[in-house]
Structures are given as C-alpha cells and as structure tokens.
Amino acid sequence: MGDVLIFGEHQGGHFPKTTLTAVHAGLELASKRTGKAIAVVAGDAPEALATELAKYGVSKVIAVEHAALKNYLADAHAQALAALTKKEGVEFVIATATAIGKDLFPRLAARLGAPMASEIVTMNDDDTFVRPMYAGNALATVELDGPVKVLTVRGTAFDAAKPAGSVAPVEKQAAEIDVGALKMEFVAFNATKSDRPQLTEARIIVSGGRGLKSGENFKTVLEPLVDEMGAAMGASRAAVDAGFVPNDLQVGQTGKVVAPELYVAVGISGAIQHLAGMKDSKIIVAINKDEEAPIFNVADYGLVADLFKAVPEMAAEVKKLKHS
Amino acid sequence: MKILVPIKRVPDPATTIRVLPDGSGIATDNVKWVINPFCEIAIEEALRIKEKQTGEVVLLSVGQSTWQEQLRTGLAMGADRAILVKTDASLDQLAIARIIAKVAGNEESDLIILGKQAIDDDSNQVGQIVAETLAWPQATFASKVEFAGDKCTVVREVDGGLETIAFKLPAVITTDLRLNEPRYASLPGIMKARKKELKEVAADSLGVDLVPKLKVKRLDAPPKRQAGRKVASVEELVQVLHTEAKAI
C-alpha cells in the first residue's frame, strides 16, 4: 500500500534538476507511506533515459513507449499516465511543478477523478500536505480524499535525489493510448538561446526590474554582471510587462519560483508577487536607489545606490576578486 | 464563435494578505475585490476574437451574490452576458471545473478561455481539468492565439522557450501574462453593462458532484524573513559576499 508513481520529466534527451527533485520527494513520500517508489519515463524511445533514472534509489522504472509520446502533449501523456496509475495501483502520483508538470497533472487528476494539491512544500506525517497560497502569504495545510491522490511539488522545497549506489530494474511497457481520441498537435519548440544556467538550476541569480528602464539596459548594464558571476538572469514581472525581457525569465508568483544560494535583485522594488518567487533564497542582495523599497525588508545585504553606477562597479569588483 | 470565459473574484494583488489568528482563512476587512488579473486577460482575448470573427462572449463565475460585481465589470469591458452559478459552499478545483464543463455543454461553447492561475489559491488546475472533463484539447499559458479556419494555433510560455501547438475547436485556452493588455471599461460600457443579462443558477441544480476531495484544514502565516543590513559601497558588498556570506 501507499506506492508512489514519480513522473520522470525529460527535456531534450536529459533530466532537468527538477526531475531529480520529484524523485527525492517521491522517495520521501513512499517511505512515509511504507510503499514503493516507482518512476515512469514516457516517450517514443524512453529506455535509455529510464536506465539513467534507475540509479536514483527508486524500486523500479517503467519505460512507457508510444509514438504519440514523442513530443510532450497533455492529452496523450494524461492518457498514458492515467492508465499506468491504475495498472500499478499506486496511491500517489507526483511530479515537480514545472511548465509540463503544471500542464499535465491537473489533466491527469481529472482523468483519474482524483484530488490534486499543487506545489506542495511540506509532507506532514498525518497525511496532510502544506502548500503556499496568496503568493506565499499563507501556508495552507491540505488533505486529499480518495484512493488516488495527485501532487506537484515546488522545486525549491525539496533536494534533488542523488545516485543510490544500486540500479533498479527497468520495465518496458507499451503505453495504453486511444490514438483516435488525441486532438492536439505539436508544431514547434523555439528554445530561448542562452549559454547561461537555467533559472531553476542556478547557484546564483541576478535579476533586474523596472529600474533597468529598458531591454537595452538589461543587455549593456545587467548582463556583464550576470556573466561575471556565472549567474542565471531573472527579471521581475514589471520588467516583463514593460517588454524588456521574455517571460521565461520572470521570477515571482506567476513566473518561476527560485531559491538559489545567492539572489541579487537589481532595480526591483520588491512587490509581493516578486517576493513570492525568491524569498527562500539563501542570501538575498538588493541594489536599489530607493531606500524605502520593500525589497530591503527581505535582503541580507542592501545597497542604496544608482544601479547604473553600482552594477558596472560590481562587475569590476567581482572580476578583481576572481583574479586575486 | 461562442466563447465562455470563467472568471474569479480575488483580493486585489496589491492587498497585504493577513492570515486570521485561528487559521480559518484570511482577514477580509479592508480587502478590495477584483477580477483575477489572468481572468481579465482572458476576457480581453475573448473580446478580440469576437471582434475579428463575430460571436458571443459569455462570462461565468462560481461563487456568492457579491461576485456579480466582477461579472458586471466584465460586461462593462464588452462581454455579452453573464452567468453566476451560486453557491456558499467551499468547492474544490474538481467541482468548479465540473460546473464549468457542464455550463459549456449547456451553452454549446466552442471555446473556453480562462486565466492560467487565480492569484488567491495559486493552484493552476481548473482549465486543464475542464479540458479533460470535456475531452477537449488544452493550450495552457498562452502568449499568442491565432485562428485559420477551424484550426487554432497557440504559442505557449514553457520552460526554456516558446512552444507552438495546434488543434481544432472546441478547446480550452488558459492565458499567460503577455497574451494581451486588458482594456478598461469605458463609461458607455459601464452604462450598457447594467442592462445586460446576468443570470443566476443554483450550483446544486446542475447535477454535478460538488463534494470536495481537497480540503484546506488550516492556514498559517509563513515565517518572516529578517531584514539584514545595509552596506555602504559596492566594494564592501562584494567583500561581505566573499568573506562573510561565502556566496562568491
């Protein structure tokens, strides 16, 4: 009883860190429920990836194969995972709340007639879960009622699973999909070209806000500091709304939730909805010319300064430090 | 095209949210209630589609009588009529989605556009559940919606870039931030909205299962992060990050 099915999301032939986060959370839940943790990798040729995931401490990995699973599409994946959930008789299905996790899991829950808790941050011993609401201004303790329960976890709230020293068996299965019921067609994926680390994987994030004043300034002022620090670049919703940078850089309630070792907020006032996306960072630095800006209330180190002067200076100082 | 736009009433995003000491909810005195920002984007997109192709935009809310206020605002933006499915019960996402699916069936909707997420419970579930309930295609986190004949192409905001998918209607689309800039209600719009139809339907008259399977037991205030200190210069900042925080 209490088995857990972990969704092994893959992108471009590899597992992002967020998948290992789901594995870690799934292992923790299975151990609380004294059940097995089973991972599933879906695709048109998922076996190699399934073998890779078998190293991370799960009891088995199921490679679910079907031509319709070649590109991620919600309808085909929901069908395949719902069928597998029933077949394996698991109590929980779990994924990290990535773009795919958020798109797929509610659809999967509906197909299973199961309740779903989004973006949980804590698993309690009494079968309840904790999830943030109101941009993180409230933590809700929730209870799910039913034989099957669907969960997504917030990527920043759990560690990534580590290789376990043993390798679990990989079981290959043909996915149960009614091809006639599929209605969605994949057309294209246009990747944002960047040599920088992904926001959800970076150790350091440097984010810019409306204070940068233009997209051009993100390039000429902020990016040299981002690259000098080997950081990922983020942005506030205000900067995205103003069209300075693409939305996939947005950190906040309605963008990405991050918790790096170091978060540098540049020209960001600190609206509630931005804080919701970064306040769990280990060290927060704020650079803002307005000393009353709410960002300073959560910053470990605040510098009241004109960013157009301070940011190039900081890039130079970091460079000096690296060469000292 | 018949477009159904389910909308939600939420506290204004600028409101400071306080959890009640007994954990039963949030303090609602002094809260200004507004249309969820992503729902406003959904209304705007529906109006733009209607303006290009003709059709009807029907708003839908599931809540109490007070929610009429937000439906009227949506009507003032230009929607044709509104339906309030009335309930005082606290429904979960499954139940809300079942109601929306049921109304879409009754209304013979071709397209349902709704916000990707409500900024109160931050669940990001309802659109996807509606799509599966109706066995319709879904395009979540849309940043561009285009029609060619009966085919709809949607650009979606996903991790690491933009994804394009296509499908035939009927379908469910959930809105992301950059899809459009919602219009304000004009004064003539507000006048006209008073005369538009706003129908109330009792939730338990729809014959759908409303028993919640996801229950919120308690709310707690999150631990507060302590403010640190100010540094005097960039040089000092880089020094403390190196020697004290050991972050660089």
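Residues numbered from 1 in each chain as written. Chains lettered and ligands numbered in written order. Predicted model: local features only at pLDDT ≥ 70, side-chain atom pairs only at ≥ 80, totals over all residues.

Colleague: Hey, could you run me through the overall build of chain B in this one?
Modeller: The helix and strand inventory of chain B stands at six helices and 13 strands. Each of the 248 residues in chain B was classed as buried or not, and the buried ones make up 49%. (Helix = DSSP H or I, 4+ residues; strand = E, 2+ residues; numbered from the N terminus. Buried ≥ 20, exposed ≤ 12 C-beta atoms within 10 Å, placed from the backbone.)

Colleague: How do you make sense of the interface of chain A and chain B when you look at a structure like this?
Modeller: For interface size, the figure often reported is the accessible area lost on association. Chain A puts 74 residues into the contact, and the matching count from chain B is 67 residues. Looking at the side of chain A that touches chain B, the element that brings in the most residues is helix α4 (residues 99-112) of chain A, giving eight residues. For the side of chain A that touches chain B, a count of residues per class yields 41 nonpolar, 17 polar and 16 charged. Relative to strand β9 (residues 161-168) of chain B, strand β11 (residues 185-191) of chain A is paired through six bridges, and the arrangement is antiparallel. Bridge assignment links A:Phe186 to a residue of β9(B), and that residue is B:Ile165. (Contact = placed C-beta atoms within 7 Å. Nonpolar A, V, L, I, M, F, W, Y, C, P; charged D, E, K, R; others polar. Pairing = 2+ DSSP bridges.)

Colleague: Please explain the sheet that holds strand β1 (residues 2-6) of chain B as it appears in this structure.
Modeller: Note on sheets: strands pair through backbone hydrogen bonds, and any given pair is parallel or antiparallel. The strand order across the open sheet built from 10 strands is β11(A)-β9(B)-β8(B)-β7(B)-β10(B)-β6(B)-β1(B)-β4(B)-β5(B)-β11(B), with neighbouring strands paired in mixed fashion. Only two strands of the sheet have a single partner each, and these edge strands are β11 of chain A together with β11 (198-202) of chain B. With strand direction ignored, the average angle separating the axes of adjacent strands in the sheet is 30°. As paired elements, strand β7 (residues 138-148) of chain B and strand β10 (residues 171-175) of chain B share three bridges and run parallel to each other. Its bridge partner being in β10(B), B:Gln138 is matched across the sheet by B:Val172. (Axes fitted to C-alpha atoms, helices over the stretch in contact; angles between N-to-C directions.)

Colleague: Mind showing me how you'd approach the pairing of strand β3 (residues 60-65) of chain A here?
Modeller: Working note: regular strand, side chains alternate between the two faces of the sheet. Residues and elements named next belong to chain A. The pairing of strand β2 (residues 37-43) with β3 spans six bridges and is parallel. Among the inter-strand pairings, Ala 42 is bridged to a residue of β3, identified as Val 64. In this fold, the crossover linking β2 to β3 by way of helix α2 (residues 47-53) has right-handed handedness. Of the pairings in the sheet, the one linking β3 to strand β10 (residues 170-174) comprises five bridges and is parallel in character. Within the sheet, the bridge partner assigned to Val 61 lies in β10 and is Val 170. (Right-handed = clockwise from strand over helix to strand, strands pointing away.)

Colleague: I tried to follow the sheet that holds strand β5 (residues 116-120) of chain A on my own but got confused; where do I start?
Modeller: Residues and elements named next belong to chain A. The seven strands are arranged β5-β9-β4-β1-β2-β3-β10 in an open sheet whose pairing can be described as parallel. Sheet topology places β5 and β10 at the edges, where each strand pairs with a single neighbour. Adjacent strand axes in the sheet meet at a mean angle of 25° when their direction is disregarded. Pairing between strand β1 (residues 4-7) and β2: four bridges, direction parallel. Looking across to β2, one finds that Phe 7 is bridged to Val 40.

Colleague: Help me understand helix α2 (residues 68-77) of chain B, please; the structure alone is not making it clear to me.
Modeller: Count 3.6 residues to each turn of an α-helix, and residues three or four apart come out pointing the same way. Residue and element names in this part refer to chain B. In terms of burial, α2 is largely enclosed, as seven of its 10 residues are buried. Among the residues of α2, those classed as buried are Gln 70, Leu 71, Thr 73, Gly 74, Leu 75, Ala 76 and Met 77. Of the residues one or two after α2, Gly 78 is the one with positive phi, at around 135°.

Colleague: Looking at this model, I keep getting lost on helix α6 (residues 234-243) of chain B. Mind explaining?
Modeller: Among all positions in α6(B), only B:Val234, B:Leu237, B:Val238 and B:Leu241 are buried. Projected down its long axis, α6(B) shows its buried positions confined to an angular sector of 95°, all on one face. (Arc of directions from axis to C-beta.)

Colleague: What exactly am I supposed to notice about the confidence of the model for chain B here?
Modeller: Within chain B, residue pLDDT values average 96, and 100% of them lie at 70 or more. Taken together, the chains of this predicted complex give a pTM of 0.95 and an interface ipTM of 0.96. (pLDDT = per-residue confidence, 0-100.)

Colleague: I keep staring at the environment of B:Asn180 and nothing clicks. Help me out?
Modeller: Residues and elements named next belong to chain B. In this fold, Asn 180 is placed in the loop between β10 and α5 (187-193). Along the primary structure Asn 180 and Ser 143 are separated by 37 residues, whereas in three dimensions their C-alpha atoms are 7.8 Å apart. For Asn 180, the residues in contact, after removing those within four places along its chain, are Ile 41, Glu 44, Glu 45 and Arg 48.

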